[in-house]
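# Descriptive structure summary
So you can see what is in the structure, the chains are spelled out below.
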Amino acid sequence: MAGDKITGTLVFTVFTAALSSFQFGYDIGVINAPQQIIISHYRNVLGIPLDDRKTTNNYVINTTDALPTLPHPGNPTPDPWPEEETTTSTGLVTMLWSLSVSTFAVGGMIASFFGGWLGDKLGRIKALLAANSLSLAGALLMGCSKLGPSHILIIAGRSISGLYCGLISGLVPMYIGEIAPTSLRGALGTLHQLAIVTGILISQIIGLDFILGNHDLWHILFGLSAVPALLQSLLLLFCPESPRYLYIKLEEEVKAKKSLKRLRGSDDVTKDMNEMKKEKDEASSEQKVSVTQLFTDSSYRQPMIVALMLHMAQQFSGINAIFYYSTSIFQTAGISQPVYATIGVGAINMIFTAVSVLLVEKAGRRSLFLIGMSGMFFCAIFMSLGLVLLDKFAWMSYVSMTAIFLFVSFFEIGPGPIPWFMVAEFFSQGPRPTALALAAFSNWACNFIIALCFQYIADFCGPYVFFLFAGVVLAFTLFTFFKVPETKGKSFEEIAAEFRKKSSSAQRPKAPVEMEFLRPTGTV
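Residues numbered from 1 in each chain as written. Predicted model: local features only at pLDDT ≥ 70, side-chain atom pairs only at ≥ 80, totals over all residues. Heavy atoms only, no water.

Taking an unreviewed UniProt entry as the reference, the protein chain is identified by name as Solute carrier family 2, facilitated glucose transporter member 2 belonging to Octodon degus. The UniProt entry for the protein chain carries the following text under Sequence similarities (unreviewed entry): "Belongs to the major facilitator superfamily. Sugar transporter (TC 2.A.1.1) family. Glucose transporter subfamily." Quoted straight from UniProt, the Subcellular location (unreviewed entry) entry for the protein chain says "Cell membrane". (UniProt positions renumbered as here; feature names shortened; annotations may be inferred.)

This is the structure:
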(Lines give C-alpha, C1' and ligand atoms only; values in the text may rest on other atoms or scores of the structure.)
Protein backbone atom coordinates (compact mmCIF):
# COMPACT_ATOMS: atom_id res chain seq x y z
CA MET A 1 0.00 0.00 0.00
CA ALA A 2 1.54 3.24 -1.15
CA GLY A 3 -0.23 5.25 1.52
CA ASP A 4 1.04 3.22 4.47
CA LYS A 5 4.76 3.60 4.17
CA ILE A 6 6.79 5.28 6.86
CA THR A 7 7.94 8.70 5.67
CA GLY A 8 10.48 11.12 7.06
CA THR A 9 7.79 13.65 7.92
CA LEU A 10 5.76 11.02 9.78
CA VAL A 11 8.80 9.90 11.79
CA PHE A 12 9.76 13.50 12.57
CA THR A 13 6.22 14.43 13.63
CA VAL A 14 5.69 11.37 15.82
CA PHE A 15 9.10 11.91 17.42
CA THR A 16 8.23 15.54 18.16
CA ALA A 17 4.86 14.62 19.69
CA ALA A 18 6.49 11.86 21.75
CA LEU A 19 8.85 14.40 23.36
CA SER A 20 5.82 15.37 25.45
CA SER A 21 5.41 11.77 26.56
CA PHE A 22 9.13 11.67 27.36
CA GLN A 23 8.72 14.66 29.68
CA PHE A 24 5.72 12.94 31.26
CA GLY A 25 7.91 9.92 32.08
CA TYR A 26 10.77 12.11 33.27
CA ASP A 27 8.43 13.90 35.67
CA ILE A 28 7.07 10.59 37.01
CA GLY A 29 10.51 9.14 37.69
CA VAL A 30 12.50 12.19 38.73
CA ILE A 31 11.02 12.40 42.23
CA ASN A 32 12.14 8.88 43.21
CA ALA A 33 15.91 8.98 43.38
CA PRO A 34 16.60 12.13 45.40
CA GLN A 35 13.88 11.38 47.96
CA GLN A 36 16.12 11.44 51.04
CA ILE A 37 18.00 14.53 49.91
CA ILE A 38 14.81 16.48 49.38
CA ILE A 39 13.42 15.30 52.72
CA SER A 40 16.57 16.48 54.48
CA HIS A 41 16.36 19.74 52.57
CA TYR A 42 12.76 20.21 53.72
CA ARG A 43 13.98 19.65 57.28
CA ASN A 44 16.62 22.33 56.85
CA VAL A 45 14.15 24.81 55.43
CA LEU A 46 11.66 24.10 58.20
CA GLY A 47 14.41 24.24 60.81
CA ILE A 48 14.02 20.66 62.02
CA PRO A 49 17.50 19.61 63.18
CA LEU A 50 18.90 16.35 61.85
CA ASP A 51 22.37 14.97 61.38
CA ASP A 52 23.00 15.20 57.64
CA ARG A 53 24.94 12.01 57.10
CA LYS A 54 22.12 10.05 58.66
CA THR A 55 19.69 11.23 56.00
CA THR A 56 21.80 10.51 52.99
CA ASN A 57 22.83 7.05 54.11
CA ASN A 58 19.49 5.84 55.36
CA TYR A 59 16.77 5.07 52.87
CA VAL A 60 13.93 4.76 55.29
CA ILE A 61 13.55 7.45 57.88
CA ASN A 62 11.36 6.63 60.82
CA THR A 63 11.01 8.53 64.05
CA THR A 64 13.95 6.83 65.77
CA ASP A 65 16.23 7.65 62.87
CA ALA A 66 15.13 11.23 63.14
CA LEU A 67 16.83 11.70 66.49
CA PRO A 68 20.10 13.60 66.11
CA THR A 69 23.18 11.63 67.12
CA LEU A 70 26.48 12.84 68.45
CA PRO A 71 28.93 13.39 65.63
CA HIS A 72 31.64 11.26 67.29
CA PRO A 73 31.47 7.85 65.54
CA GLY A 74 32.82 5.98 68.56
CA ASN A 75 29.89 7.07 70.68
CA PRO A 76 26.67 5.66 69.23
CA THR A 77 24.35 6.80 72.04
CA PRO A 78 21.81 9.24 70.60
CA ASP A 79 21.03 12.48 72.34
CA PRO A 80 17.27 12.67 71.90
CA TRP A 81 15.17 15.81 71.99
CA PRO A 82 11.49 15.84 73.05
CA GLU A 83 9.65 12.85 71.59
CA GLU A 84 6.40 14.63 70.62
CA GLU A 85 8.25 17.33 68.76
CA THR A 86 10.08 14.72 66.70
CA THR A 87 6.90 12.87 65.88
CA THR A 88 4.99 15.95 64.76
CA SER A 89 7.85 17.36 62.72
CA THR A 90 8.51 13.98 61.09
CA GLY A 91 4.80 13.80 60.35
CA LEU A 92 4.94 17.24 58.77
CA VAL A 93 7.92 16.34 56.59
CA THR A 94 6.26 13.07 55.55
CA MET A 95 3.12 14.99 54.65
CA LEU A 96 5.07 17.55 52.60
CA TRP A 97 6.90 14.73 50.85
CA SER A 98 3.65 12.88 50.05
CA LEU A 99 2.27 16.14 48.67
CA SER A 100 5.38 16.60 46.51
CA VAL A 101 4.67 13.20 44.95
CA SER A 102 0.88 13.31 44.73
CA THR A 103 0.04 16.91 43.73
CA PHE A 104 1.47 15.86 40.38
CA ALA A 105 -1.42 13.40 39.99
CA VAL A 106 -3.96 16.01 41.13
CA GLY A 107 -2.72 18.37 38.41
CA GLY A 108 -2.93 15.53 35.90
CA MET A 109 -6.45 14.66 36.95
CA ILE A 110 -7.73 18.22 36.52
CA ALA A 111 -5.97 18.86 33.21
CA SER A 112 -6.79 15.51 31.57
CA PHE A 113 -10.33 16.81 31.07
CA PHE A 114 -9.11 19.72 28.98
CA GLY A 115 -6.64 17.98 26.65
CA GLY A 116 -9.21 17.11 23.98
CA TRP A 117 -10.98 20.45 24.36
CA LEU A 118 -7.73 22.40 23.96
CA GLY A 119 -6.83 20.28 20.92
CA ASP A 120 -10.16 21.15 19.30
CA LYS A 121 -9.96 24.82 20.23
CA LEU A 122 -6.41 25.59 19.10
CA GLY A 123 -5.58 22.70 16.83
CA ARG A 124 -3.24 19.87 17.87
CA ILE A 125 0.04 21.72 17.23
CA LYS A 126 -0.87 24.97 18.98
CA ALA A 127 -2.35 23.02 21.87
CA LEU A 128 0.96 21.20 22.39
CA LEU A 129 2.77 24.54 22.22
CA ALA A 130 0.42 26.05 24.78
CA ALA A 131 0.91 23.04 27.06
CA ASN A 132 4.68 23.54 26.90
CA SER A 133 4.33 26.90 28.64
CA LEU A 134 3.05 24.97 31.68
CA SER A 135 5.93 22.54 31.45
CA LEU A 136 8.45 25.40 31.40
CA ALA A 137 6.75 27.15 34.33
CA GLY A 138 6.85 23.95 36.40
CA ALA A 139 10.49 23.27 35.53
CA LEU A 140 11.41 26.85 36.39
CA LEU A 141 9.75 26.69 39.82
CA MET A 142 11.41 23.39 40.67
CA GLY A 143 14.75 24.43 39.21
CA CYS A 144 14.79 27.48 41.48
CA SER A 145 13.49 25.58 44.49
CA LYS A 146 16.85 25.70 46.23
CA LEU A 147 16.82 29.50 46.31
CA GLY A 148 13.47 29.97 48.03
CA PRO A 149 11.10 28.06 50.34
CA SER A 150 11.81 24.79 48.58
CA HIS A 151 8.81 22.77 49.80
CA ILE A 152 6.37 25.38 48.46
CA LEU A 153 8.23 25.74 45.15
CA ILE A 154 8.53 21.99 44.61
CA ILE A 155 4.88 21.29 45.42
CA ALA A 156 3.75 24.17 43.17
CA GLY A 157 6.13 23.08 40.40
CA ARG A 158 4.97 19.48 40.65
CA SER A 159 1.31 20.44 40.37
CA ILE A 160 1.98 22.65 37.32
CA SER A 161 3.98 19.83 35.71
CA GLY A 162 1.03 17.59 36.55
CA LEU A 163 -1.30 19.95 34.69
CA TYR A 164 1.02 19.73 31.68
CA CYS A 165 1.18 15.93 31.79
CA GLY A 166 -2.59 15.73 32.13
CA LEU A 167 -3.08 17.80 28.99
CA ILE A 168 -0.64 15.79 26.90
CA SER A 169 -1.91 12.41 28.12
CA GLY A 170 -4.98 13.19 26.00
CA LEU A 171 -3.35 15.27 23.27
CA VAL A 172 -0.44 13.05 22.23
CA PRO A 173 -2.36 9.79 21.66
CA MET A 174 -5.01 11.81 19.80
CA TYR A 175 -2.52 13.59 17.53
CA ILE A 176 -0.47 10.45 16.80
CA GLY A 177 -3.67 8.46 16.17
CA GLU A 178 -4.85 11.07 13.68
CA ILE A 179 -1.67 11.34 11.62
CA ALA A 180 -0.86 7.60 11.56
CA PRO A 181 -1.85 5.43 8.58
CA THR A 182 -4.37 2.73 9.61
CA SER A 183 -1.90 -0.14 9.33
CA LEU A 184 0.61 1.61 11.62
CA ARG A 185 -1.85 3.04 14.12
CA GLY A 186 -1.10 0.47 16.81
CA ALA A 187 2.67 0.52 16.49
CA LEU A 188 2.83 4.32 16.46
CA GLY A 189 0.29 4.52 19.30
CA THR A 190 2.58 2.39 21.45
CA LEU A 191 5.35 4.98 21.05
CA HIS A 192 3.54 7.25 23.54
CA GLN A 193 4.17 4.63 26.23
CA LEU A 194 7.69 3.89 24.97
CA ALA A 195 8.60 7.56 25.33
CA ILE A 196 7.11 7.63 28.84
CA VAL A 197 9.20 4.68 30.04
CA THR A 198 12.31 6.10 28.34
CA GLY A 199 11.71 9.30 30.30
CA ILE A 200 11.40 7.32 33.54
CA LEU A 201 14.64 5.47 32.84
CA ILE A 202 16.62 8.60 31.94
CA SER A 203 15.41 10.39 35.08
CA GLN A 204 16.48 7.42 37.21
CA ILE A 205 19.94 7.35 35.66
CA ILE A 206 20.53 11.11 35.90
CA GLY A 207 19.19 10.93 39.46
CA LEU A 208 22.04 8.69 40.66
CA ASP A 209 23.85 10.40 43.51
CA PHE A 210 27.14 10.78 41.64
CA ILE A 211 25.41 12.50 38.68
CA LEU A 212 22.66 14.93 39.76
CA GLY A 213 20.91 13.22 42.65
CA ASN A 214 23.03 14.86 45.34
CA HIS A 215 22.85 17.78 47.77
CA ASP A 216 24.43 20.25 45.37
CA LEU A 217 22.67 19.47 42.13
CA TRP A 218 19.21 18.00 42.81
CA HIS A 219 17.40 21.20 41.76
CA ILE A 220 19.07 20.99 38.33
CA LEU A 221 17.72 17.44 38.04
CA PHE A 222 14.21 18.90 38.44
CA GLY A 223 14.80 21.87 36.14
CA LEU A 224 16.06 19.67 33.30
CA SER A 225 12.56 18.82 32.09
CA ALA A 226 12.63 22.26 30.45
CA VAL A 227 15.08 20.91 27.85
CA PRO A 228 12.66 18.60 25.97
CA ALA A 229 9.96 21.29 26.30
CA LEU A 230 12.12 23.88 24.54
CA LEU A 231 13.27 21.38 21.92
CA GLN A 232 9.70 20.32 21.21
CA SER A 233 8.44 23.91 20.93
CA LEU A 234 11.08 24.49 18.28
CA LEU A 235 10.34 21.29 16.31
CA LEU A 236 6.56 21.74 16.44
CA LEU A 237 6.91 24.73 14.12
CA PHE A 238 7.87 22.28 11.37
CA CYS A 239 5.16 19.67 12.02
CA PRO A 240 2.06 19.32 9.83
CA GLU A 241 -1.29 19.87 11.56
CA SER A 242 -3.50 16.80 11.95
CA PRO A 243 -5.32 16.30 8.61
CA ARG A 244 -8.34 14.91 10.44
CA TYR A 245 -8.58 18.07 12.50
CA LEU A 246 -8.20 20.31 9.43
CA TYR A 247 -10.76 18.42 7.39
CA ILE A 248 -13.36 17.29 9.91
CA LYS A 249 -13.20 20.18 12.39
CA LEU A 250 -12.23 23.17 10.22
CA GLU A 251 -13.50 21.84 6.86
CA GLU A 252 -10.27 22.98 5.19
CA GLU A 253 -10.02 20.30 2.52
CA VAL A 254 -7.08 21.85 0.65
CA LYS A 255 -4.98 22.23 3.81
CA ALA A 256 -5.89 18.72 4.93
CA LYS A 257 -4.73 17.31 1.57
CA LYS A 258 -1.49 19.27 1.78
CA SER A 259 -0.83 17.99 5.28
CA LEU A 260 -1.63 14.42 4.22
CA LYS A 261 0.70 14.64 1.24
CA ARG A 262 3.52 15.70 3.54
CA LEU A 263 2.78 12.89 5.99
CA ARG A 264 2.31 10.14 3.40
CA GLY A 265 5.06 11.32 1.09
CA SER A 266 2.92 10.84 -2.01
CA ASP A 267 0.45 12.86 -4.05
CA ASP A 268 -2.14 10.15 -4.04
CA VAL A 269 -4.00 10.52 -0.77
CA THR A 270 -7.46 9.50 -2.00
CA LYS A 271 -7.61 6.46 0.29
CA ASP A 272 -7.04 8.57 3.40
CA MET A 273 -9.32 11.34 2.14
CA ASN A 274 -12.12 8.85 1.54
CA GLU A 275 -11.75 7.40 5.00
CA MET A 276 -11.88 10.93 6.44
CA LYS A 277 -14.86 11.87 4.28
CA LYS A 278 -16.68 8.88 5.65
CA GLU A 279 -15.77 9.94 9.18
CA LYS A 280 -16.75 13.54 8.48
CA ASP A 281 -20.19 12.52 7.22
CA GLU A 282 -20.64 10.53 10.37
CA ALA A 283 -19.26 13.33 12.52
CA SER A 284 -21.70 15.81 11.02
CA SER A 285 -24.55 13.43 11.76
CA GLU A 286 -23.12 12.75 15.25
CA GLN A 287 -23.38 15.70 17.56
CA LYS A 288 -20.63 16.41 20.05
CA VAL A 289 -21.19 13.83 22.76
CA SER A 290 -21.46 14.87 26.39
CA VAL A 291 -20.11 12.85 29.31
CA THR A 292 -23.60 11.77 30.37
CA GLN A 293 -24.46 10.62 26.84
CA LEU A 294 -21.42 8.34 26.81
CA PHE A 295 -23.04 6.43 29.66
CA THR A 296 -26.73 6.74 28.76
CA ASP A 297 -26.62 6.12 25.01
CA SER A 298 -26.48 2.36 24.56
CA SER A 299 -24.18 2.50 21.53
CA TYR A 300 -21.50 4.33 23.54
CA ARG A 301 -22.01 2.81 26.95
CA GLN A 302 -20.40 -0.55 26.27
CA PRO A 303 -17.20 0.83 24.68
CA MET A 304 -17.00 3.53 27.37
CA ILE A 305 -17.23 1.05 30.24
CA VAL A 306 -14.62 -1.14 28.56
CA ALA A 307 -12.36 1.89 28.02
CA LEU A 308 -12.57 2.87 31.69
CA MET A 309 -11.95 -0.71 32.80
CA LEU A 310 -8.83 -0.98 30.65
CA HIS A 311 -7.39 2.15 32.25
CA MET A 312 -8.35 1.02 35.73
CA ALA A 313 -6.74 -2.34 35.01
CA GLN A 314 -3.57 -0.53 34.00
CA GLN A 315 -3.35 1.48 37.23
CA PHE A 316 -4.74 -0.95 39.81
CA SER A 317 -2.58 -3.83 38.61
CA GLY A 318 0.05 -2.74 41.13
CA ILE A 319 2.53 -1.42 38.59
CA ASN A 320 2.64 2.03 40.16
CA ALA A 321 3.26 0.52 43.54
CA ILE A 322 6.38 -1.00 42.02
CA PHE A 323 7.47 2.25 40.37
CA TYR A 324 6.83 4.50 43.35
CA TYR A 325 8.32 2.20 45.93
CA SER A 326 10.69 -0.01 43.93
CA THR A 327 13.74 1.10 45.89
CA SER A 328 12.22 0.19 49.24
CA ILE A 329 10.83 -3.10 47.88
CA PHE A 330 14.33 -4.11 46.73
CA GLN A 331 15.66 -3.08 50.11
CA THR A 332 13.17 -5.36 51.85
CA ALA A 333 14.28 -8.12 49.49
CA GLY A 334 17.80 -7.57 50.81
CA ILE A 335 19.66 -5.87 47.95
CA SER A 336 22.65 -3.79 48.99
CA GLN A 337 22.34 -1.21 46.17
CA PRO A 338 18.59 -0.95 45.55
CA VAL A 339 18.97 2.10 43.31
CA TYR A 340 20.63 0.02 40.61
CA ALA A 341 17.93 -2.63 40.83
CA THR A 342 15.36 0.13 40.30
CA ILE A 343 17.23 1.30 37.21
CA GLY A 344 17.21 -2.33 36.08
CA VAL A 345 13.41 -2.27 36.30
CA GLY A 346 13.42 0.93 34.23
CA ALA A 347 15.60 -0.67 31.56
CA ILE A 348 13.45 -3.81 31.34
CA ASN A 349 10.43 -1.56 31.20
CA MET A 350 11.83 0.18 28.16
CA ILE A 351 12.96 -2.97 26.35
CA PHE A 352 9.58 -4.66 26.65
CA THR A 353 7.66 -1.59 25.58
CA ALA A 354 9.81 -1.62 22.44
CA VAL A 355 8.93 -5.32 22.00
CA SER A 356 5.27 -4.36 22.32
CA VAL A 357 5.67 -1.81 19.49
CA LEU A 358 6.75 -4.66 17.24
CA LEU A 359 4.12 -7.12 18.45
CA VAL A 360 1.01 -4.99 18.60
CA GLU A 361 0.21 -5.08 14.86
CA LYS A 362 1.07 -8.78 14.60
CA ALA A 363 -0.50 -10.35 17.68
CA GLY A 364 -3.50 -8.09 18.16
CA ARG A 365 -4.38 -5.80 21.00
CA ARG A 366 -6.73 -8.01 22.95
CA SER A 367 -4.47 -11.05 22.98
CA LEU A 368 -1.45 -9.01 24.12
CA PHE A 369 -3.51 -7.42 26.89
CA LEU A 370 -4.66 -10.85 28.07
CA ILE A 371 -1.15 -12.35 27.90
CA GLY A 372 0.21 -9.42 29.87
CA MET A 373 -2.48 -9.57 32.55
CA SER A 374 -2.21 -13.34 33.01
CA GLY A 375 1.56 -13.09 33.37
CA MET A 376 1.18 -10.30 35.93
CA PHE A 377 -1.26 -12.40 37.93
CA PHE A 378 1.28 -15.18 38.45
CA CYS A 379 4.12 -12.73 39.07
CA ALA A 380 2.15 -10.95 41.78
CA ILE A 381 1.58 -14.25 43.56
CA PHE A 382 5.28 -15.18 43.39
CA MET A 383 6.24 -11.69 44.52
CA SER A 384 4.11 -12.03 47.65
CA LEU A 385 5.31 -15.56 48.31
CA GLY A 386 8.89 -14.35 48.02
CA LEU A 387 8.32 -11.51 50.48
CA VAL A 388 6.32 -13.68 52.93
CA LEU A 389 8.89 -16.49 53.05
CA LEU A 390 11.91 -14.18 53.04
CA ASP A 391 12.65 -14.87 56.73
CA LYS A 392 12.56 -18.65 56.26
CA PHE A 393 14.62 -18.90 53.06
CA ALA A 394 17.19 -16.28 52.12
CA TRP A 395 17.00 -17.26 48.44
CA MET A 396 13.39 -16.10 48.36
CA SER A 397 14.67 -12.56 47.83
CA TYR A 398 15.71 -13.66 44.33
CA VAL A 399 12.23 -15.04 43.72
CA SER A 400 10.56 -11.73 44.52
CA MET A 401 13.13 -9.81 42.49
CA THR A 402 12.69 -12.02 39.46
CA ALA A 403 8.94 -11.67 39.89
CA ILE A 404 9.27 -7.87 39.91
CA PHE A 405 11.28 -7.90 36.68
CA LEU A 406 8.84 -10.28 34.99
CA PHE A 407 5.83 -8.37 36.29
CA VAL A 408 7.15 -5.20 34.66
CA SER A 409 7.87 -6.94 31.37
CA PHE A 410 4.38 -8.47 31.20
CA PHE A 411 2.91 -5.07 32.03
CA GLU A 412 4.71 -3.39 29.15
CA ILE A 413 3.69 -6.06 26.66
CA GLY A 414 -0.02 -5.40 27.17
CA PRO A 415 -1.64 -3.33 29.89
CA GLY A 416 0.99 -0.56 29.69
CA PRO A 417 0.66 0.82 26.17
CA ILE A 418 -2.57 -0.69 24.88
CA PRO A 419 -5.32 1.17 26.81
CA TRP A 420 -4.05 4.54 25.57
CA PHE A 421 -4.60 3.97 21.88
CA MET A 422 -7.27 1.30 22.10
CA VAL A 423 -9.68 3.87 23.54
CA ALA A 424 -9.01 6.14 20.56
CA GLU A 425 -9.89 3.17 18.32
CA PHE A 426 -13.18 2.47 20.11
CA PHE A 427 -14.77 5.78 19.14
CA SER A 428 -15.39 7.77 15.98
CA GLN A 429 -14.71 11.50 15.65
CA GLY A 430 -17.84 12.71 17.52
CA PRO A 431 -17.42 11.03 20.90
CA ARG A 432 -13.64 10.51 20.69
CA PRO A 433 -12.37 13.67 22.48
CA THR A 434 -14.83 13.26 25.37
CA ALA A 435 -14.10 9.54 25.67
CA LEU A 436 -10.32 10.10 25.64
CA ALA A 437 -10.65 12.83 28.28
CA LEU A 438 -12.72 10.55 30.52
CA ALA A 439 -10.33 7.66 30.06
CA ALA A 440 -7.32 9.86 30.86
CA PHE A 441 -9.15 11.22 33.89
CA SER A 442 -9.89 7.74 35.22
CA ASN A 443 -6.25 6.80 34.64
CA TRP A 444 -5.01 9.78 36.65
CA ALA A 445 -7.61 9.35 39.38
CA CYS A 446 -6.58 5.71 39.87
CA ASN A 447 -2.92 6.77 39.79
CA PHE A 448 -3.60 9.32 42.54
CA ILE A 449 -5.52 6.81 44.69
CA ILE A 450 -2.65 4.32 44.44
CA ALA A 451 0.02 6.95 45.15
CA LEU A 452 -1.89 8.10 48.21
CA CYS A 453 -3.04 4.76 49.63
CA PHE A 454 -0.30 2.28 48.76
CA GLN A 455 1.93 3.21 51.70
CA TYR A 456 -0.96 2.66 54.11
CA ILE A 457 -2.12 -0.56 52.43
CA ALA A 458 1.47 -1.86 52.42
CA ASP A 459 1.87 -1.07 56.13
CA PHE A 460 -1.41 -2.83 56.82
CA CYS A 461 -0.94 -5.93 54.64
CA GLY A 462 2.82 -6.19 54.91
CA PRO A 463 4.27 -8.75 52.49
CA TYR A 464 0.77 -9.93 51.55
CA VAL A 465 0.05 -6.74 49.64
CA PHE A 466 0.70 -8.25 46.21
CA PHE A 467 -1.85 -11.02 46.84
CA LEU A 468 -4.36 -8.20 46.87
CA PHE A 469 -3.08 -6.96 43.50
CA ALA A 470 -3.18 -10.53 42.15
CA GLY A 471 -6.89 -10.67 42.93
CA VAL A 472 -7.50 -7.35 41.19
CA VAL A 473 -5.52 -8.43 38.12
CA LEU A 474 -7.47 -11.69 37.91
CA ALA A 475 -10.79 -9.81 37.96
CA PHE A 476 -9.68 -7.48 35.18
CA THR A 477 -8.32 -10.39 33.12
CA LEU A 478 -11.70 -12.11 33.20
CA PHE A 479 -13.44 -8.86 32.28
CA THR A 480 -11.12 -8.39 29.29
CA PHE A 481 -11.66 -11.95 28.17
CA PHE A 482 -15.44 -11.61 28.08
CA LYS A 483 -15.97 -7.98 27.15
CA VAL A 484 -13.12 -6.53 25.08
CA PRO A 485 -13.22 -6.93 21.28
CA GLU A 486 -10.14 -7.12 19.06
CA THR A 487 -9.52 -3.82 17.22
CA LYS A 488 -6.44 -4.69 15.17
CA GLY A 489 -6.70 -3.51 11.56
CA LYS A 490 -10.41 -2.73 11.84
CA SER A 491 -12.11 0.50 10.86
CA PHE A 492 -14.12 2.41 13.45
CA GLU A 493 -17.41 1.09 12.04
CA GLU A 494 -16.27 -2.54 12.31
CA ILE A 495 -15.19 -1.98 15.91
CA ALA A 496 -18.58 -0.49 16.75
CA ALA A 497 -20.23 -3.55 15.20
CA GLU A 498 -18.02 -5.82 17.39
CA PHE A 499 -19.27 -4.01 20.48
CA ARG A 500 -22.86 -4.42 19.40
CA LYS A 501 -22.18 -8.13 19.00
CA LYS A 502 -20.52 -8.38 22.43
CA SER A 503 -23.29 -6.51 24.20
CA SER A 504 -26.09 -8.33 22.37
CA SER A 505 -24.58 -11.67 23.38
CA ALA A 506 -24.89 -10.43 26.96
CA GLN A 507 -28.56 -9.57 26.61
CA ARG A 508 -31.61 -10.63 24.63
CA PRO A 509 -31.69 -9.15 21.11
CA LYS A 510 -33.87 -6.09 21.72
CA ALA A 511 -35.54 -5.48 25.03
CA PRO A 512 -38.20 -2.76 25.09
CA VAL A 513 -36.82 0.71 25.78
CA GLU A 514 -38.39 1.09 29.22
CA MET A 515 -36.57 -2.04 30.27
CA GLU A 516 -33.26 -0.64 29.03
CA PHE A 517 -31.87 0.16 32.48
CA LEU A 518 -32.68 -3.31 33.81
CA ARG A 519 -30.57 -5.12 31.26
CA PRO A 520 -27.11 -6.32 32.29
CA THR A 521 -24.65 -3.87 30.76
CA GLY A 522 -21.51 -5.77 31.56
CA THR A 523 -20.17 -3.56 34.33
CA VAL A 524 -18.37 -6.38 36.04
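This paragraph deals with helix 19 (residues 396-413). For helix 19, spanning 18 residues, the distance from its first C-alpha to its last is 26 Å, which sits close to the expected 26 Å at 1.5 Å a residue. Helix 19 sits mainly inside the fold: 13 of its 18 residues count as buried. (Helix = DSSP H or I, 4+ residues; strand = E, 2+ residues; numbered from the N terminus. Expected span 1.5 Å × (residues − 1). Buried < 20%, exposed > 50% of the residue type's maximum accessible area, 1.4 Å probe, protein only.)

Let's shift gears to the side chain of Ser150. Position of Ser150 among the secondary structure elements: in helix 7 (residues 150-179). Residue class for Ser150 comes out buried when judged on its relative accessible area of 0%. In this structure Ser150 touches His41, Tyr42, Val45, Ser145 and Trp218, once residues within four positions along its chain are discounted. (Contact = heavy atoms within 4.5 Å.)

In this model, the protein chain carries an average pLDDT of 84, and 88% of its residues clear a pLDDT of 70 or more. Across the protein chain, helix 10 (residues 226-236) holds the top mean pLDDT of 97, while helix 3 (residues 52-57) sits lowest at 41. Note on residues 51-81: pLDDT is under 50 here. Beyond four places in sequence and across chains, it has 44 contacts. Note that residues 508-524 has pLDDT below 50 and, in this model, 15 contacts with residues that lie over four places away or in other chains. (pLDDT = per-residue confidence, 0-100.)

Our next topic: the packing of helix 1 (residues 8-29) against helix 7. Between helix 1 and helix 7, the shortest axis-to-axis distance is 9 Å and the interhelical angle comes to 150 degrees. As far as their axial angle goes, helix 7 and helix 1 are roughly antiparallel. The element helix 1 and its partner helix 7 pack so that their crossing is left-handed. Residue-level inspection shows Leu10, Thr13, Val14, Ala17, Ser20, Ser21, Gln23, Phe24 and Asp27 of helix 1 in contact with helix 7, the latter providing Arg158, Ser161, Tyr164, Cys165, Ile168, Ser169, Val172, Tyr175, Ile176 and Ile179. Along the lines of polarity and charge, the residues of the contact of helix 1 with helix 7 split into eleven nonpolar, six polar and two charged. (Axes fitted to C-alpha atoms, helices over the stretch in contact; angles between N-to-C directions. Parallel < 35°, antiparallel > 145°, perpendicular 65-115°, else oblique. Left-handed = near helix turned anticlockwise from the far one by under 90°. Nonpolar A, V, L, I, M, F, W, Y, C, P; charged D, E, K, R; others polar.)

Glancing now at the packing of helix 2 (residues 35-46) against helix 7. For the pair helix 2 and helix 7, interaxial distance at closest approach is 9 Å and the crossing angle is 130 degrees. The angle between the axes of helix 2 and helix 7 places the two elements in the oblique class. In contact with Ile38, His41, Tyr42, Val45 and Leu46 of helix 2, helix 7 contributes Ser150, His151 and Ile154. A per-class count over the contact of helix 2 with helix 7 returns five nonpolar, three polar and no charged.

Once that is clear, we can look at the nonpolar core. Counting residues in hydrophobic clusters, the biggest one holds 100 residues, and the most contacted among them are Phe24, Leu294, Met304, Phe407, Phe426 and Phe466. Each of domain 1 (1-50 + 92-239) and domain 2 (289-505) accounts for three or more of the residues forming this core. If we ignore the near neighbours within four places in the chain, the residues touching Phe426 are Pro303, Val306, Ala307, Leu310, Val484, Thr487, Ile495 and Phe499. Val30, Ile31, Val93 and Phe222 belong to the second-largest nonpolar core, a separate cluster that totals 20 residues. (Core = buried A, V, L, I, M, F, W, Y, C linked by side-chain atoms within 4.5 Å. Domains from an automatic or database assignment.)

For helix 17 (residues 338-363), spanning 26 residues, the distance from its first C-alpha to its last is 35 Å, which sits close to the expected 38 Å at 1.5 Å a residue. The largest bend in helix 17 amounts to roughly 30 degrees and is located at Val357. Buried within helix 17 are the following residues: Pro338, Ala341, Thr342, Ile343, Val345, Gly346, Asn349, Thr353, Ser356, Val357 and Val360. Phi turns positive one or two residues past the end of helix 17, at Gly364, with a value near 95 degrees. (Bend = angle between axes of the 7 residues up to and from the residue.)

This brings us to the pattern of salt bridges. A complete count under the given rule lists 16 salt bridges for this structure. Here Arg432 ties to Glu178 by a salt bridge, and the two come within 4.0 Å at their closest N and O atoms. On the criterion of sequence distance, the pair formed by Arg432 in helix 21 (residues 432-461) and Glu178 in helix 7 is long-range, its members being 254 residues apart. Across this residue pair, the class does not change: Arg432 and Glu178 are buried. With a shortest N-O distance of 3.8 Å, Glu252 and Lys255 are connected by a salt bridge. Each of Asp120, Arg124, Glu178, Arg244, Glu275, Glu279 and Arg432 takes part in a single network of salt bridges with overlapping partners. (Salt bridge = Lys/Arg side-chain N within 4 Å of Asp/Glu carboxyl O.)

What follows deals with unusual backbone geometry. Residues other than glycine seldom take positive phi values, yet Glu251 does so here, at roughly 60 degrees. Looking at where Glu251 falls in the secondary structure, it is placed in the loop between helix 11 (243-249) and helix 12 (253-264).

Our focus in this paragraph is the packing of aromatic side chains. Summed over all chains, the structure comprises 13 aromatic pairs. Relative to Phe499, the ring of Phe426 has its centre 4.8 Å away and its plane inclined at 90 degrees; by these criteria the two rings are edge-to-face. Pair noted here: Phe426 is in helix 20 (residues 418-426) and Phe499 is in helix 23 (residues 492-506), with a separation of 73 residues, a long-range link. When sorted by exposure, Phe426 lands in the same class as Phe499, which is buried. Among the aromatic residues, those joined into a cluster by ring pairs are Phe24, Phe104 and Trp444. Across from the ring centre of Phe104, 4.5 Å away, lies the NZ or CZ of Arg158, which sits over that ring. (Phe/Tyr/Trp six-rings, centres within 6.5 Å; stacked < 30°, edge-to-face > 60°. Lys NZ or Arg CZ within 6 Å of the ring centre and 35° of its normal.)

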